[in-house]
Amino acid sequence: MNIKKNNVKKIAFKYLKSGIFRKILLILFCLLAAVSIEMSVYKPNLGTFIGSGMDSLGNMYVLGVNEKKNLYKITKFKKNGVVEFEKKLQKYDEENNIYNYKNIEVDGKGNYYLLRQLRSQDAVVSEISENPISNEAIIMFDTWGNQVKNIANFTFPSVEVQPSENYIRKIQIVDQNLKVITCLKNVVSVSSINVLTDDMLVTNFSFEITPSVVYSSQPEEWLNDAAVLSTGKIVYANKGGELLMADDTGEVTNLKQILPNAEVSITGISIDLNDNLYFTNLLTGNFYKFNSKTMSISLMYNLESSVDNSEIRLKDLRRIRILDDGDFYAASKNFKDLYGVRLGNNPLVVKNLRYSIFFWGILIILGITLILFGLIMLIKILIKRGVSRVPLAMKITFMFLPVFIILTSLLILTITVSSTRTYKEVLESYQNTGAQIVADSINGDDLDNILSSFNFNSVEYAQLNSKIRVAYEDLKNKVHDKSDYIVIYGVAGGKIYSIANVKYSKSSKSYADLNFADPDMVIFEAALADCLLERDEIKLIHAAYESLSKGDKDVHASFNDVHGKLEAYFAPIKNSQDSVVGFAGNFLDENIHLNREIFNIFMNSLYLISAAMILIFLYLCYVVWHTFMPLRVLKKGINSMIHGNWGSKVEINSKDEIQDIAISFNDMSERIEKYTSNLVSLNEQYLRFVPKELLNLLGKHKITQVNVNDHDEATATIIYASFNIDFDNLSNFAKSKSVLFKKMSDVFAQIFSIVENNKGIIHNFSGLNSVFLFPNSSEKALLTMIQISELYIEEKLNLEIRMALGHGRFLIGVMGINKRCEISLFCNELLNLININAHMHQVGIQYAATQNFINSLAKDTKFNKRFIGKCGNITGNSNYNLYEILDPSEEYQKGMIELSRKKFESAVNNFYDSNYEIARNLVSSVIKINNNDKVAMFYLKKCDAIIKKLQLDPNILASDSDLNLF
């Protein structure tokens with residue numbers, strides 16, 4: 001049993017060590033990393049949220065905008081939260097004007113509709129938001145994001161009729177019928193179209209709304225929200241909080257008697273197929289269902305109603321919209337993690353919005369892996385190659401540069417942070433002052449009366465709004481651009497209401513960053529604060545009220561809104577009993593203001609400090625450059641020495657350590673020049689004894705590179721020459737030895753000159769013999785021999801030169817000890833040549849060549865030679881053929897030998913074929929022709945000797961010594 005367990009462990013351990021298991025682990029790790037990135041890091045960027053909708057299948061469509069690029073897009077999510085597509089919307093028209101998109105509506109089949117606006121860019125207006133609308137259109141897209149057609153297109157050609165606010169107020173979709181509600185100067189129109197069959201929008205009827213209360217001297221649109229019944233009647237709410245119904249005759253019915261409260265703030269009106277009306281009361285936060293047939297109303301949800309089994313409550317949602325009878329949709333007010341909620345019959349929460357795991361996550365992991373791999377390979381290459389050289393000036397500069405940059409950055413950062421902190425304190429002071437200015441302009445008793453009666457459709461409430469507007473204008477004059485908008489809060493029954501709002505200054509510099517999405521706090525009519533804000537924001541508003549009630553001053557809070565982070569300061573509004581009945585909140589997007597101011601401060605600091613630092617840095621670079629100038633002069637001197645100018649001198653008068661180095665350098669160069677001159681001279685003297693070409697055969701260029709046991713192999717033609725001088729018969733030079741030596745030296749000089757002119761190498765030389773090597777050409781060796789034979793030598797010298805030519809491969813190397821060595825040549829061919837030269841006088845020849853030499857010559861080489869016999873190899877293993885090269889200087893003798901050459905060679909061949917009698921007869925006839933043929937006389941003697949031996953003993957065989965020349 002234990003044996004089986006051990007085997008299982010061994011198999012498991014072997015599997016763990018295998019490469020397949022490691023690859024599986026790597027793949028699983030990458031998948032896990034991809035899922036983690038997809039779920040937590042890489043999520044869709046919706047931009048600033050503008051609106052959203054849901055179809056009957058639970059797919060969610062979100063309209064958002066990238067504020068910096070002014071780029072709108074639609075993102076579709078499946079009900080599991082995965083992106084199905086992202087659709088960028090058209091940004092410009094044909095004249096390069098910018099489109100804005102406002103609303104999104106989705107029908108039951110997943111088609112969605114957008115309101116597209118085109119504002120006149122050239123209009124002369126005092127405020128940016130008052131740029132008139134030149135065109136509004138409703139664009140239809142299918143469920144895959146493809147544009148289908150323009151449903152409606154309204155063009156306003158003249159500035160007089162161009163609206164500054166939305167002309168299309170409501171898009172209502174019932175099945176495939178689309179109702180469009182428009183409003184311009186309080187004239188409301190109802191139009192309809194069947195999106196499948198009709199091509200043109202048809203206006204059903206129009207009527208005018210008369211404001212019951214004037215809030216300001218400027219004309220205002222009184223319509224708040226509306227919806228169309230299947231009967232053609234329109235139900236609408238005005239900004240005075242009234243709910244009314246109008247038909248195509250213009251008859252208006254006030255429905256206030258059916259509402260739970262006398263005065264309400266109604267928004268989010270929608271109608272189902274059964275003409276049931278749904279809306280939200282912003283003063284209570286309740287969501288109602290109104291049956292238009294029975295004229296009855298029922299409460300569907302309140303703020304604390306749970307919309308599913310999670311922690312989500314109605315207070316966490318934006319306005320509720322109808323999908324079908326008993327089926328609703330609402331987007332969350334959670335700005336950090338947007339989600340969509342389906343209420344009623346088909347509860348659903350679309351959250352954890354993300355991309356598909358097996359695309360972007362894997363792609364990001366792959367990209368990170370490739371980047372890391374590339375960095376690792378780059379580091380390896382840099383480490384492997386190394387850095388060969390870095391100039392000292394650059395090294396010092398780069399050593400100083402990080403410190404310089406850090407100090408400069410710290411200086412800029414310190415100035416920027418300090419200035420920003422001061423600016424932020426001023427900004428906060430202005431905010432607090434602004435809140436106090438507006439709060440002081442409001443009569444607390446008037447506010448208390450409005451809250452007590454809940455009468456927000458009255459002259460008193462209109463007058464209150466007017467005072468707030470005047471106060472805001474006063475605030476703008478005193479604190480300039482240090483406030484984005486003011487909200488007035490009232491407190492009644494323990495609840496906090498947003499009573500009035502003055503929207504951010506439209507001429508504000510920050511308006512361009514805020515114009516894409518109104519913060520939830522910005523709403524004209526009165527509303528319960530819980531209906532507008534997130535839970536965290538409500539807590540902050542209540543905390544601010546409690547602090548103000550306790551008498552605290554400089555009450556501050558930070559909010560996260562649709563657009564971003566908002567900073568707010570609050571000031572109390574007190575009645576005559578000194579009770580806090582409300583408070584004013586001065587809201588400001590501090591990031592926008594701070595970022596703009598920080599950028600200005602930073603850029604100013606950067607320009608000034610960078611300019612100063614750059615000048616300092618340039619001066620320091622000049623100092624480094626000037627300091628190292630003597631080193632550059634010294635470098636030139638060293639480079640001059642490298643190129644062989646050993647006596648180079650430099651002139652440096654810096655009066656510092658570098659000058660001391662220059663003096664030492666000049667002294668060193670002087671000594672090196674002397675030493676090098678001696679070394680060059682010595683090397684030249686060595687080359688007189690050891691030719692440079694001989695060193696080349698060893699692969700060396702200088703005598704100083706040669707070491708004992710250095711060796712190599714080579715192939716060359718070899719001439720072994722002997723110089724035979726009869727010193728006993730030099731009586732003519734006996735009285736003048738110097739003349740004799742000079743005569744001999746002149747002869748050898750001519751011989752050596754011939755060898756060198758024919759590219760030969762004098763390997764060995766003495767007064768008795770010499771070895772000449774011809775690595776490149778046998779023909780040059782033959783030419784050398786001929787030229788030496790033709791050399792004029794004074795007869796009084798009694799000098800006879802014998803030369804033997806061979807060809808073969810040899811070993812050349814350095815022999816001896818370190819103190820005494822020489823370059824030696826080892827070659828069988830050379831040994832044979834020495835042996836040949838030693839016996840040439842016996843045979844009677846002056847110039848000889850081996851068969852190897854004859855074979856090495858080109859076939860077309862012409863010279864006089866004859867085969868004279870065989871010689872025993874010095875190794876004793878074989879024989880080789882020997883040839884006599886006829887002396888070209890002896891024309892007569894050469895002619896006589898050439899005349900008898902055939903007979904002679906025939907005699908030699910018969911001799912080696914043991915036809916000694918025939919050979920003797922042929923040799924005799926050769927002698928008759930040329931009685932000075934010494935080789936023929938040599939063979940005549942050998943033939944006689946062998947014939948005599950055979951006469952004594954016919955059975956005796958001739959030995960090699962009898963047959964070979966030597």
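Before going into details, it helps to say that this report is about the structure given with it.

Parameters at a glance
- Residues numbered from 1 in each chain as written.
- Predicted model: local features only at pLDDT ≥ 70, side-chain atom pairs only at ≥ 80, totals over all residues.
- Heavy atoms only, no water.
- Helix = DSSP H or I, 4+ residues; strand = E, 2+ residues; numbered from the N terminus.
- Buried < 20%, exposed > 50% of the residue type's maximum accessible area, 1.4 Å probe, protein only.
- Contact = heavy atoms within 4.5 Å.
- Areas by Shrake-Rupley, 256 points an atom, 1.4 Å probe, with all protein chains shown as cover.
- Pairing = 2+ DSSP bridges.
- Phe/Tyr/Trp six-rings, centres within 6.5 Å; stacked < 30°, edge-to-face > 60°.
- Lys NZ or Arg CZ within 6 Å of the ring centre and 35° of its normal.
- Axes fitted to C-alpha atoms, helices over the stretch in contact; angles between N-to-C directions.
- Salt bridge = Lys/Arg side-chain N within 4 Å of Asp/Glu carboxyl O.
- Core = buried A, V, L, I, M, F, W, Y, C linked by side-chain atoms within 4.5 Å.
- Expected span 1.5 Å × (residues − 1).
- Bend = angle between axes of the 7 residues up to and from the residue.
- Parallel < 35°, antiparallel > 145°, perpendicular 65-115°, else oblique.
- Left-handed = near helix turned anticlockwise from the far one by under 90°.
- Nonpolar A, V, L, I, M, F, W, Y, C, P; charged D, E, K, R; others polar.
- Arc of directions from axis to C-beta.
- Patch = residues over 30% accessible without salt bridge, like charges linked within 9 Å, V, L, I, M, F, W, Y side chains within 5 Å.

1. Comments concerning the overall build of the protein chain
Then step 1. Within the protein chain, the regular secondary structure consists of 22 helices and 38 strands.
Then step 2. In the protein chain, which comprises 966 residues, the share counted as buried stands at 47%.
Then step 3. Long-range contacts, defined as pairs at least 24 residues apart, comprise 56% of the intrachain contacts of the protein chain with a sequence gap of at least 6.
Then step 4. Carbon and sulfur atoms make up 55% of the accessible area of the protein chain, which totals about 51100 Å².

2. Some points on unusual backbone geometry
Then step 1. The residue N352 is not glycine, and still its phi comes out positive at about 50 degrees.
Then step 2. Mapping N352 onto the fold places it in the loop between β24 (348-350) and α3 (357-385).
Then step 3. On the accessibility criterion, N352 (24% relative accessible area) is partly exposed.
Then step 4. If you check the backbone angles, D554 has positive phi at about 55 degrees while not being a glycine.
Then step 5. By secondary structure assignment, the location of D554 is in the loop between α9 (535-549) and β28 (555-560).

3. A few points about the side chain of T280
Then step 1. Looking at the element boundaries, T280 is found in strand β18 (residues 276-281).
Then step 2. Overall, the relative accessible area of 11% leaves T280 in the buried class.

4. Quick look at the pairing of strand β6 (residues 112-119)
Then step 1. Where burial is concerned, most of β6 is hidden: eight out of the eight residues are buried.
Then step 2. Burial along β6 is two-sided: the face carrying Y112, L114, R116 and L118 and the face carrying Y113, L115, Q117 and R119 are both buried.
Then step 3. As defined by bridge partners, strand β5 (residues 99-106) adjoins β6 across six bridges and the pair is classed as antiparallel. If you follow Y99 over to β6, its bridge partner there is L118.
Then step 4. Following β5, the chain reverses through five residues before pairing antiparallel with β6; G110 in that reversal takes a positive phi of roughly 95 degrees.
Then step 5. Summarising the sheet, β6 and strand β7 (residues 133-141) pair through eight bridges and their orientation is antiparallel. Within the sheet, the bridge partner assigned to R116 lies in β7 and is A137.

5. Describing the packing of aromatic side chains
Then step 1. Scanning the model with the defined rule gives 27 aromatic pairs in all.
Then step 2. The interplanar angle of 35 degrees and the centroid separation of 5.7 Å between the aromatic rings of F279 and Y288 together place this pair among those described as tilted. Here F279 matches Y288 in class, with each residue buried.
Then step 3. Grouped by ring-pair contacts, the aromatic residues Y489, Y545, F559, F570, F583 and F587 constitute a single cluster.
Then step 4. Directly above the aromatic system of Y99 lies the positively charged group of R116, at a separation of 4.1 Å from the ring centroid.
Then step 5. The lysine or arginine in question, R866, covers the ring of F904, its NZ or CZ lying 4.1 Å from the ring centre.

6. What to know about the environment of N131
Then step 1. Mapped onto the elements, N131 comes out in the loop between β6 and β7.
Then step 2. The class of N131 is buried, set by a relative accessible area of 14%.
Then step 3. Expressed as a C-alpha distance, the spacing of N131 and S120, which sit eleven residues apart in the sequence, is 6.0 Å.

7. Structural notes on the side chain of N835
Then step 1. With respect to the helices and strands, N835 occurs in helix α16 (residues 828-843).
Then step 2. Relative accessible area serves as the criterion here: at 16%, N835 is assigned to the buried category.

8. Here's the deal with the pairing of strand β15 (residues 243-246)
Along any regular strand the residues' side chains alternate between the sheet's two faces.
Then step 1. Burial along β15 is two-sided: the residues L243 and M245 and L244 and A246 are all buried.
Then step 2. Two elements, strand β14 (residues 234-238) and β15, share four bridges in a ladder whose sense is antiparallel. Bridge pairing in β15 places Y236 opposite L244.
Then step 3. In sequence, β14 turns back onto β15 through a hairpin of four residues, with G241 there showing a positive phi of about 90 degrees.

9. Brief notes about the sheet that holds strand β19 (residues 286-291)
Then step 1. Taken in spatial order, the four strands line up as β17-β18-β19-β20 in an open sheet, and their pairing is antiparallel. The sheet is open, and its two borders are formed by β17 (266-271) and β20 (296-301), each paired with just one other strand. Pairs of neighbouring strands in the sheet enclose a mean axial angle of 25 degrees, with direction left out of account.
Then step 2. Pairing between β17 and β18: four bridges, direction antiparallel.

10. Quick look at the environment of L799
Then step 1. Within the element layout of this structure, L799 appears in strand β34 (residues 799-816).
Then step 2. Sequence separation of L799 and I725 is 74 residues, and the distance between their C-alpha atoms is 4.6 Å.
Then step 3. Discounting chain neighbours no more than four positions away, the residues touching L799 are F723, N724, I725, V747 and I793.

11. Concerning the pattern of salt bridges
Then step 1. Following the criterion strictly, the structure yields 17 salt bridges and no others.
Then step 2. Here D327 ties to R342 by a salt bridge, and the two come within 2.7 Å at their closest N and O atoms. Within this pair, whereas D327 is found in strand β22 (residues 327-331), its partner R342 is found in strand β23 (residues 340-344), the two being separated by 15 residues in sequence.
Then step 3. Two residues, R809 and E713, come together in a salt bridge whose shortest N-O distance is 3.4 Å. One end of the pair, R809, is in strand β34; the other, E713, is in strand β31 (residues 711-725), and 96 residues separate them in sequence.

12. Looking at the sheet that holds strand β2 (residues 60-66)
Then step 1. Strand order in this open sheet of four strands is β1-β2-β3-β4, and the pairing throughout is antiparallel. Each edge of the open sheet carries a strand with a single partner, namely β1 (48-54) and β4 (83-88). Pairwise comparison of adjacent strand axes, ignoring direction, gives a mean angle of 20 degrees for this sheet.
Then step 2. The sheet contact formed by strand β3 (residues 71-77) and β4 spans five bridges and is antiparallel. Bridged to K73 within β4 is K88.

13. So, the nonpolar core
Then step 1. In this structure, I751, F772, M803, F810, I836, F911 and Y939 are the most contacted members of the largest nonpolar core, which totals 84 residues.
Then step 2. What F772 contacts, discounting residues up to four positions off in sequence, is T717, I718, I719, A721, I751, F752, V755, I761, I762 and I788.
Then step 3. Residues I468, F559, L566 and F570 belong to the second largest nonpolar core, which totals 53 residues.

14. Comments concerning α16
Then step 1. With 16 residues, α16 should reach 22 Å at 1.5 Å per residue; the first-to-last C-alpha distance of 22 Å fits that figure.
Then step 2. Along its length, α16 reaches its greatest deviation from straightness, about 30 degrees, at N837.
Then step 3. Phi turns positive one or two residues past the end of α16, at G844, with a value near 95 degrees.

15. Considering the packing of helix α19 (residues 901-912) against helix α20 (residues 916-929)
Then step 1. Close contact between α19 and α20 brings their axes to 8 Å; oriented N to C, the two are set at 160 degrees. The angle between α19 and α20 falls in the class roughly antiparallel. Both α19 and α20 take part in a crossing whose hand is left-handed. Across the interface between the two elements, K903, F904, S906, A907, N910 and F911 from α19 touch Y916, I918, A919, L922, V923, S925 and V926 from α20.
Then step 2. Of the residues belonging to the contact of α19 with α20, the class tally is nine nonpolar, three polar and one charged.

16. So, α9
Then step 1. Here α9 contains 15 residues, and its C-alpha end-to-end distance of 21 Å stays within 8% of the 21 Å for a straight helix at 1.5 Å per residue.
Then step 2. Buried within α9 are the following residues: E537, I538, I541, A544 and L548. Looking straight down α9, one finds its buried side chains confined to an arc of 120 degrees; they lie on one side. Turned more than 90 degrees from where α9 packs its buried face, D536 and K539 sit exposed.
Then step 3. Elements that come into contact with the buried residues of α9 comprise β25 (485-492), β26 (495-502), α8 (529-532), β28, β29 (565-574) and β30 (580-588).
Then step 4. One or two steps after α9, the chain reaches G551, where phi turns positive at roughly 95 degrees.

17. Concerning a nonpolar patch on the surface
Then step 1. On the surface, F400, I616, Y619, L620, Y622, V623, W625 and M629 cluster together to form a nonpolar patch covering roughly 740 Å² of accessible area.
Then step 2. Ranked by residue count, the leading element in the nonpolar patch is helix α10 (residues 590-627), at six residues.
Then step 3. Relative to the elements of secondary structure, F400 occurs in helix α4 (residues 392-440).
Then step 4. For F400, a relative accessible area of 35% puts it in the partly exposed group.

18. Observations concerning the packing of α20 against helix α21 (residues 934-952)
Then step 1. At a closest axis distance of 9 Å, the pairing of α20 and α21 adopts a crossing angle of 150 degrees. On the basis of the axis angle, α20 is roughly antiparallel to α21. When the axes of α20 and α21 are compared, the crossing they make is left-handed. For the pair α20 and α21, contact is made by Y916, E917, A919, R920, V923, S924, V926 and I927 and by A936, M937, Y939, L940, C943, D944, I946, I947 and L950, respectively.
Then step 2. Considering only residue class, the contact of α20 with α21 consists of 13 nonpolar, one polar and three charged.

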